[in-house]
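In case you want the letters, here they are:
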Amino acid sequence: MKKTPEELISSYDTPVPRYTSFPTAVQFTADIPQSFYHKQLGVLLGDEPVSIYIHIPFCHSLCHYCGCHTKVVHNATPIENYIKSLLAEIDLAGQHLPNKIPVARVHFGGGSPNYAHSKEINKILDRLAKYFSFSNKTEIDIECDPRQLSSEKITDYGRLKVSRVSLGVQDFNVDVQQAVNRVQSFELIKEQVQLFRTANIKHINFDLMVGLPKQTLKTLEETFTKALSLQPSRIAVFPYAHVPWMKKHQKLLEAYPLPSPNLRFKMTELAHNVITKAGYKSIGMDHYALPTDSLAKAQKIGKLKRNFQGYTDDMAQTMIGFGVSAISQFDGVYIQNKTDSIAYRKDITENKNPIERGCILSEDDKIRRMLIEQLLCKFSVYLPDFPTIDVPKTKLEPLQEDGIVKLTPTDVIITELGKPFARIVAASFDPYLRVDKGTRHAKAI
Ligand code: SF4
């Protein structure tokens, strides 16, 4: 007998990785020497574009749902000191890079990178330009906390040729905002969207969240409607990941009843219905984009990818991360920087790149990475493309019985019903998940 949606949710509301990488960061180990990192930089081809990730881990106040690597500060000095270290880190890496390697994209993430003064962002871009070649095709993206933006900063970003901003909107309902300690008005964001457009920054993303305390289907529908009235290029609707064993401040949210898995599922469904009805294309599990946006175009031609920032149309094979906790991705290698800011700074003062840990992918890992990426981006895989992978029938057949996947002799296809459970399907191809039974990930739904 077929399970009801409620039964499906209770069966599959289990912790699984988000698979922004495979293997996931849980498999990273501490045996990556400096020389190995330098070698990865040195063998990059001088004519193949790379992408760069810059982590700026500071915020003005702490949102109680926050799962990021960030620190609350109340003046500019710690940010400026940190950026001095970050510039030195770029210099240290730059010594090992081929000359003027082209850069496809620079992504500023955090934290709230826009909490830094725009002259600090300018310094970082100038320092990168010493080692990398920027062109008019280079994209510069920055994540922004609307509460730390001013019209001057927005104008500066226009001058710096920032191409895309992601505004942390989350929810427009005041009760929800108060519960999560992030109060910002719709009027503020509306004004900023206009200022960005005036500054010639046309690509504006909104990040929204479902599963927060005080959210109801009614309040969320109002939030989605308000967000859509501003016509952002992309909308990401992230499910809140409650991981208080990793992020202790999230315990503060337990003062309120958190939406049940069933309600979270309905919230995700509502997001899908309201946003796609407004003409947005559904991208992967949790993104939406206007049909004219590059993410929707990438999906249309089968070029949607997944990286540490989530769904992307970034085709660069290499991502070089700078800043505390930043992860670099080379051909078959992940390398992560120190996650402790004191240890990060200490390494740099000792003229060492602040490497903490990483992972060298086996051939099997590389094939599984491709398979999992295809599952999460295209919702299907053609198994003859992966002849060395044993199909995990004992895991997939129960998913087929529940209508989550359709199995043919050659394909694994995630059904419409199964799309919200796509990470569970991906997990069935992850051999490490069995080994790390004790690891606690966020829930699948
Ligand atoms: S602004 Fe973003 S990074 Fe900073 S505390 Fe809030 S959620 Fe976390």
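Residues numbered from 1 in each chain as written. Predicted model: local features only at pLDDT ≥ 70, side-chain atom pairs only at ≥ 80, totals over all residues.

Caption draft 1: Local environment of the overall build of the protein chain. What the protein chain contains, in helices and strands, is 15 helices and 20 strands. For the protein chain, whose C-alpha radius of gyration is 21 Å, the value lies close to the compact-globule estimate of 22 Å for 445 residues. When its C-alpha atoms are laid out on the principal axes, the protein chain stretches across 65 × 50 × 40 Å. By residue count, 43% of the 445 residues in the protein chain fall in the buried class. (Helix = DSSP H or I, 4+ residues; strand = E, 2+ residues; numbered from the N terminus. Rg over C-alpha atoms; globule rule 2.2 N^0.38 Å. Buried ≥ 20, exposed ≤ 12 C-beta atoms within 10 Å, placed from the backbone.)

Caption draft 2: Broad picture of the site of the ligand. The full set of residues close to the ligand is Cys 59, Leu 62, Cys 63, Cys 66, Cys 68, Thr 70, Gly 110, Gly 111, Ser 112, Asp 145 and Gly 168. Classifying every residue of the shell around the ligand by side-chain character gives five nonpolar, five polar and one charged. (Near = placed C-beta within 6 Å. Nonpolar A, V, L, I, M, F, W, Y, C, P; charged D, E, K, R; others polar.)

Caption draft 3: Structural detail: the domain arrangement of the protein chain. When the domains of the protein chain are assigned, the result is domain 1 (1-14 + 362-436) and domain 2 (15-322). Each of domain 1 and domain 2 was reduced to a C-alpha centroid, and the two centroids are 27 Å apart. On the side of domain 2, 18 residues touch domain 1, which itself brings 23 residues to the contact. Mapped onto the side of domain 1 that touches domain 2, the elements with two or more residues apiece are α1 (5-12), α12 (363-378) and α14 (422-427). (Domains from an automatic or database assignment. Contact = placed C-beta atoms within 7 Å.)

Caption draft 4: Spotlight on the pairing of strand β15 (residues 327-330). Residues Ile 327 and Gln 329 line one face of β15 and the alternating positions Ser 328 and Phe 330 line the opposite face, and both faces are buried. One ladder, built from four bridges, connects β15 with strand β16 (residues 333-337); its direction is antiparallel. The residue bridging Phe 330 from the neighbouring strand is Val 333, located in β16. (Pairing = 2+ DSSP bridges.)

Caption draft 5: Fine view of the nonpolar core. The biggest cluster of nonpolar side chains holds 108 residues, and the ones touching the most others in it are Ile 52, Ile 235, Leu 375, Val 425 and Ala 426. Two domains each put at least three residues into this core: domain 1 (1-14 + 362-436) and domain 2 (15-322). Not counting residues up to four positions away in its chain, the partners in contact with Ile 235 are Phe 206, Leu 208, Ala 227, Ile 275, Tyr 280 and Tyr 288. (Core = buried A, V, L, I, M, F, W, Y, C linked by C-beta atoms within 7 Å.)

Caption draft 6: Highlighting helix α4 (residues 118-131). The terminal C-alpha atoms of α4 lie 21 Å apart, and with 14 residues this matches the ideal 20 Å at 1.5 Å per residue to within 8%. Buried within α4 are the following residues: Ile 121, Ile 124, Leu 128 and Tyr 131. Here the buried residues of α4 occupy an arc of 80° about the axis, which is enough to place them on one side. For α4, the exposed residues set more than 90 degrees away from the buried face come down to Lys 119, Asp 126 and Lys 130. (Expected span 1.5 Å × (residues − 1). Arc of directions from axis to C-beta.)

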